[in-house]
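What follows is the residue order along each chain.
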Amino acid sequence: MAVYSMTGYASGQALAQDWADGRAAPGREETFASGMETWRLGVELRAVNSRFLDLVLRLPDELRAQEPPLRELLAQRLKRGKVELRVTFDAGNATRIATPALDLLQRLASVQEQIRVWLPQAPLLSTDEVLRLASNGQAVPAAVLERIQAALLPLARRVVDDLLTARAREGARLADLLRERVTGLRQLAAQARPLVPQAVATQREKFLTRWREALGTAQDEGSDVVLPATQAAQERALAEAAAYAMRIDVAEELERLAAHLDEIEALLRRGGELGKRLDFLIQELHREANTLGSKSATIGLTRISVDMKVFIEQMREQVQNLE
């Protein structure tokens, strides 16, 4: 299954051309016509990242009844993201100005005169109002509007398909970037593992040296005699070194970090809706890198911890865009 980004753009048009039986020919742009109709329908989809699915539909008033099926379509195909669907149409010559019938104009004039008898302050009808009344309040003839409504949902499905294709391309690019960062983190973890035993051995020698200097009982060079005080000091130094080794041991952190990286790679291979799970794993990676830095006993481990945090922060930015 593909990995989808939450960002993308797609658009499409349906035209009033070559319409015969109300269905568009497969594999080409949907076209519709009735006689000499020249209307044009457009659908535009824009998507950006969001924690949840946030749908914003901008429809002309004539197509407002199509909002529920459009919302259902988007909810079925998309899981996360702020998605804006914008629908526009140009009715073309379906809205050409037609001269109202004479008897209709006479009726409108008569009604207007009667109204002004009782309401002398009432304004006169404007040309736009007369034309709207002559067309029963519809700027687009009902037959043409019905064909436009029939074209909307098939066109929206195609545009959603195009949006998913665009989001899949962007998702594949983001997945490749995440895999690169995972590889970098594994390399840094491999560099960190041998540094801890080296730090423990160095600190052990420091403890022994300090105890010898403090007690003033260091053995003469080449002597085989071990004084009791010196032996006790050595044992105490070894115990301190062991406690120090336990404090700076990051083996568990490195193991957990490796397990999180394995899970991230598995999720990327599986694909689908994985943004929230990846976001949680990124938080866990950051926690392990912080612990590694707090236990750091050498400059080398500190630098590795900082480099890890840089990689993890880059991964966090990419994950925020995944569905």
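Structure first, text after, so check above.
Residue numbers here run from 1 along each chain, matching the order of that chain's written sequence. Residues qualify for local features only when their pLDDT is at least 70, as the model is predicted, and side-chain atom pairs are given and counted only at 80 or more; totals for whole chains, interfaces and linings, by contrast, use all residues. Heavy atoms throughout the structure, all of them, feed into the side-chain values; hydrogens and water do not.

In this analysis, axes come from line fits to C-alpha atoms, helices being fitted only over the stretch in contact, and the angle between any two N-to-C directions falls in the range 0 to 180 degrees. Secondary structure elements are taken from DSSP: a helix is a run of H or I of four residues or more, a strand is a run of E of two residues or more, and numbering for both begins at the N terminus. At a minimum axis distance of 9 Å, the contact between helix H8 (residues 275–294) and helix H9 (residues 299–319) shows a crossing angle of 165°. When the interaxial angle is binned, H8 and H9 end up roughly antiparallel. At the point where H8 passes H9, the crossing takes the left-handed sense. Counting all contacts with H8, which are made through Gly-275, Leu-278, Asp-279, Ile-282, Gln-283, Leu-285, His-286, Ala-289, Asn-290, Leu-292 and Gly-293, the residues of H9 involved are Leu-301, Ile-304, Ser-305, Met-308, Lys-309, Ile-312, Met-315, Arg-316 and Val-319. When residues are grouped by polarity, Ala, Val, Leu, Ile, Met, Phe, Trp, Tyr, Cys and Pro land in nonpolar, Asp, Glu, Lys and Arg in charged, and all others, Gly among them, in polar. Partitioning the contact of H8 with H9 into residue classes produces 11 nonpolar, 6 polar and 3 charged. Here the word oblique covers every angle except those under 35 degrees (roughly parallel), over 145 (roughly antiparallel) and from 65 to 115 (roughly perpendicular). Handedness of each helix crossing follows the sense of rotation of the near helix against the far helix: counterclockwise by less than a right angle gives left-handed, clockwise gives right-handed. Contacts: residue pairs with any heavy atoms within 4.5 Å of one another.

With that settled, the discussion passes to the sheet that holds strand E2 (residues 40–48). In space, the 4 strands of this open sheet follow the order E1-E2-E4-E3, with mixed pairing throughout. Single-partner strands in this sheet number two, and they are strand E1 (8–15) and strand E3 (53–58). Pairs of neighbouring strands in the sheet enclose a mean axial angle of 10°, with direction left out of account. Packing against the sheet, helix H1 (residues 67–77) makes contact with E2, E3 and strand E4 (81–90), and its axis sits at approximately 145° to E3. DSSP bridges decide pairing: two strands pair if at least two such bridges lie between them.

The next thing to look at is the pattern of salt bridges. Any Lys or Arg side-chain nitrogen located within 4 Å of an Asp or Glu carboxyl oxygen qualifies as a salt bridge. Across all of its chains, the model carries 18 salt bridges by this definition. Asp-262 is the partner of Arg-186 in a salt bridge, and the nearest nitrogen-oxygen pair spans 2.5 Å. With a gap of 76 residues between them, Arg-186 in helix H4 (residues 142–192) and Asp-262 in helix H7 (residues 251–270) connect regions that are remote in the sequence. Think of it in three bands: with a 1.4 Å probe and only protein chains considered, a residue is buried below 20% of the maximum accessible area for its type, exposed above 50%, and partly exposed in between. Asp-262 gets classed as partly exposed once you look at its relative accessible area, which sits at 40%. A salt bridge links Glu-263 to Arg-277; the shortest N-O distance between them is 3.4 Å. Note that Glu-263 is positioned in helix H7 and Arg-277 in helix H8, a separation of 14 residues in sequence. Judged by its relative accessible area of 45%, Arg-277 falls in the partly exposed class.

Attention now moves to a nonpolar patch on the surface. Each patch is built from residues lacking any salt bridge and having more than 30% relative accessible area; the joining distance is 9 Å for like charges and 5 Å for nonpolar side chains (Val, Leu, Ile, Met, Phe, Trp, Tyr). For the area figures, the Shrake-Rupley method with a 1.4 Å probe applies, and any residue is considered shielded solely by the protein chains shown. Among the surface-exposed residues, Val-111, Ile-115, Val-117, Trp-118 and Leu-119 lie close enough to one another that they form a single nonpolar patch of about 580 Å² accessible area. Residue classification places Trp-118 among the exposed residues on the basis of a relative accessible area of 73%.

Taken as a whole, the second largest pocket holds about 210 Å³ of empty space. Forming the boundary of the second largest pocket are Met-6, Asn-49, Ser-50, Arg-51, Phe-52, Arg-80, Gly-275, Lys-276, Asp-279, Val-319, Gln-320 and Leu-322. Ranked by residue count, the leading element in the lining of the second largest pocket is H8, at 3 residues. A class-by-class count of the residues in the lining of the second largest pocket yields 4 nonpolar, 4 polar and 4 charged. Think of a 1 Å grid over the protein atoms and nothing else: a 1.4 Å probe that fits but is trapped marks a cavity, an open set flanked by protein within 12 Å on at least five of seven lines marks a pocket, and residues with an atom within 4 Å of a point count as lining. Grid points are joined across faces, edges and corners, and a volume is the space filled by probe spheres set on the points.

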